[in-house]
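Residue-level structural notes
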Amino acid sequence: MSQPINQEALDRLFIEARTHSTWLDQPVTDETLRDLYNLMKFGPTSMNCSPARILFLRTREAKERLRPFLMPANVDKTMAAPVTAIVAYDTKFYERLSELFPHYPGAREIFANNPDLAQISATRNGTLQGGYFIIAARALGLDCGPMSGFDNAKVDTEFFAGESVKSNFLCNLGHGDASKLPPRNPRLPFDEACKLL
């Protein structure tokens, strides 16, 4: 039987973790980004479909390609972040199901023959993997600044032209400047967000 993780881990992943908008001048290595993906990939998805695709923007040149498509409030924090990840999903994820879900030979056709189901599944499972991405980043000691506030269609044209990949959200990564954090916003209590039946 699995045992609960300790309080320090819960604090790092959830309780004390915050969304950051300002960043310390500390790099994020390519090795850390590989480690991040190699943690997040183990989170469950339906039929192990694993549609998430991550594009890590690490250079000034790559960030400048993104700049025109950001809402004004997101420009400075994105340009200052050591890394900005475009968390995306592959709408043709099913082309890899023979490899990822080999014990069910008909898995590909379920989605290939139903574009609406494929789109819903790619979006849902890609978003689920985006949540794993944030938790994996925090587990590795990184801070995150996930956000919407950009033109998805233009980002897709710029970075994924001719591909079946679509952007979902952006996530700035690095070591956040905790001294610049505002007070934490409230969360709904259990009795307002949950029901027990």
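Details of the structure are given in the entry above.
Structural notes, computed from the coordinates. (Residues numbered from 1 in each chain as written. Predicted model: local features only at pLDDT ≥ 70, side-chain atom pairs only at ≥ 80, totals over all residues. Heavy atoms only, no water.)

1. Points about the overall build of the protein
The cut-off we apply is this: Under the scheme used here, helices are H or I runs from DSSP no shorter than 4 residues and strands are E runs no shorter than 2 residues, and both carry numbers assigned from the N terminus. Radius of gyration: C-alpha atoms only; globule rule: 2.2 Å multiplied by the number of residues to the exponent 0.38. Only protein chains enter the area calculation, which uses a 1.4 Å probe; residues under 20% of their type maximum are buried, those over 50% are exposed, and those in between are partly exposed.
Looking only at helices and strands, the protein features 9 helices and 4 strands. Counted from the first residue to the last, the protein has its helices and strands arranged as α-α-β-α-α-β-α-α-α-β-α-β-α. In summary, the protein has a C-alpha radius of gyration of 18 Å against a globular reference of 16 Å for 197 residues, a match within 12%. The principal-axis extent of the C-alpha atoms belonging to the protein is close to 55 × 45 × 35 Å. Counting across all 197 residues of the protein, residues that qualify as buried make up 38%.

2. What about the packing of aromatic side chains?
What counts is decided by this rule: Pairing of aromatic rings covers Phe, Tyr and Trp, the last through its six-membered ring, and needs centres within 6.5 Å; plane angles under 30 degrees mean stacked, over 60 mean edge-to-face, and all others mean tilted.
Evaluation of the coordinates by the stated rule reveals 4 aromatic pairs. Plain terms: the ring middles of F101 and Y104 are 6.3 Å apart, the flat faces sit at 45 degrees to each other, and that makes the pair tilted. What makes F101 buried here is its relative accessible area of 16%. Of the residues examined, Y104 reaches a relative accessible area of 40% and is grouped as partly exposed. Three or more aromatic residues link up through ring pairs in this structure, and these residues are F93, Y94 and F111.

3. Notes on the nonpolar core
Rule in force here: Here, nonpolar core refers to any group of buried Ala, Val, Leu, Ile, Met, Phe, Trp, Tyr and Cys residues whose side-chain atoms link them within 4.5 Å. For this analysis, residues touch if any pair of their heavy atoms sits within 4.5 Å.
Within the largest apolar cluster, 18 residues are counted, with the highest numbers of intra-cluster contacts made by L36, F133, C171 and L173. Put simply, the parts of the chain that give this core at least two residues each are α2 (30-40), β2 (83-90), α7 (115-139) and β4 (165-174). At 5 residues, the largest contribution of residues to this core is made by α7. Not counting the four nearest positions on each side in its chain, C171 is found in contact with V83, T84, A85, V87, F133, I134, C144, G145 and P146. In terms of nonpolar packing, the next biggest core, distinct from the first, is built from 16 residues, L57, M79, M147 and V155 among them.

4. So, the packing of α2 against α7
Rules: Only C-alpha atoms enter the line fits that serve as axes; for helices the fit covers just the stretch in contact. Angles between N-to-C directions range over 0 to 180 degrees. Oblique is the label for any angle not under 35 degrees, not over 145, and not in the 65 to 115 range, which are roughly parallel, roughly antiparallel and roughly perpendicular in turn. A clockwise turn of the near helix away from the far one marks a right-handed crossing, whereas an anticlockwise turn of less than a right angle marks a left-handed crossing. Residues are grouped as follows: nonpolar covers Ala, Val, Leu, Ile, Met, Phe, Trp, Tyr, Cys and Pro; charged covers Asp, Glu, Lys and Arg; every other residue, Gly included, is treated as polar.
It is the contact of α2 with α7, at a shortest axis distance of 8 Å, that shows an interaxial angle of 130 degrees. Here α7 runs oblique to α2, going by the angle between their axes. Note on packing geometry: the crossing formed by α2 with α7 is right-handed. Residues L36, L39 and M40 of α2 pack against Q129, Y132, F133, A136 and A137 of α7. Of the residues belonging to the contact of α2 with α7, the class tally is 7 nonpolar, 1 polar and no charged.

5. So, the environment of A161
Along the chain, A161 turns up in the loop between α8 (152-160) and β4. Sequence separation of A161 and I134 is 27 residues, and the distance between their C-alpha atoms is 26 Å.

6. Considering α7
Inclusion rule: Expected helix span is given by 1.5 Å per residue-to-residue step, counting one fewer step than there are residues.
The terminal C-alpha atoms of α7, which comprises 25 residues, lie 35 Å apart, in line with the 36 Å expected from a rise of 1.5 Å per residue. Just beyond α7, the residue with positive phi is G141, at close to 90 degrees.

7. Things to note about the side chain of S121
Of note, S121 is situated in helix α7. If we skip the residues at most four places from it in the chain, S121 touches P51, F93, F111 and G126.

8. Here's the deal with the side chain of T91
Its location among the elements puts T91 in the loop between β2 and α5 (97-100). When near neighbours in sequence (up to four residues on either side) are disregarded, T91 contacts A118, Q119, A122, S164 and K166.

9. Section: the pattern of salt bridges
The criterion, for reference: Within this document, salt bridges are pairs made up of a side-chain nitrogen of Lys or Arg and a carboxyl oxygen of Asp or Glu, the two lying within 4 Å of each other.
Taken as a whole and assessed by the stated rule, the structure comprises 9 salt bridges. Between R60 and E64 there is a salt bridge; the shortest N-O distance is 3.6 Å. Within this pair, R60 and its partner E64 are both found in helix α3 (residues 60-66), separated by 4 residues, close to a single helical turn. Residue E109 pairs with R108 through a salt bridge whose shortest N-O separation is 3.3 Å. On the basis of relative accessible area, E109 is assigned to the partly exposed category, the value being 35%. Taken together, the shared-partner salt bridges in this structure form one network comprising R60, E64 and R67.

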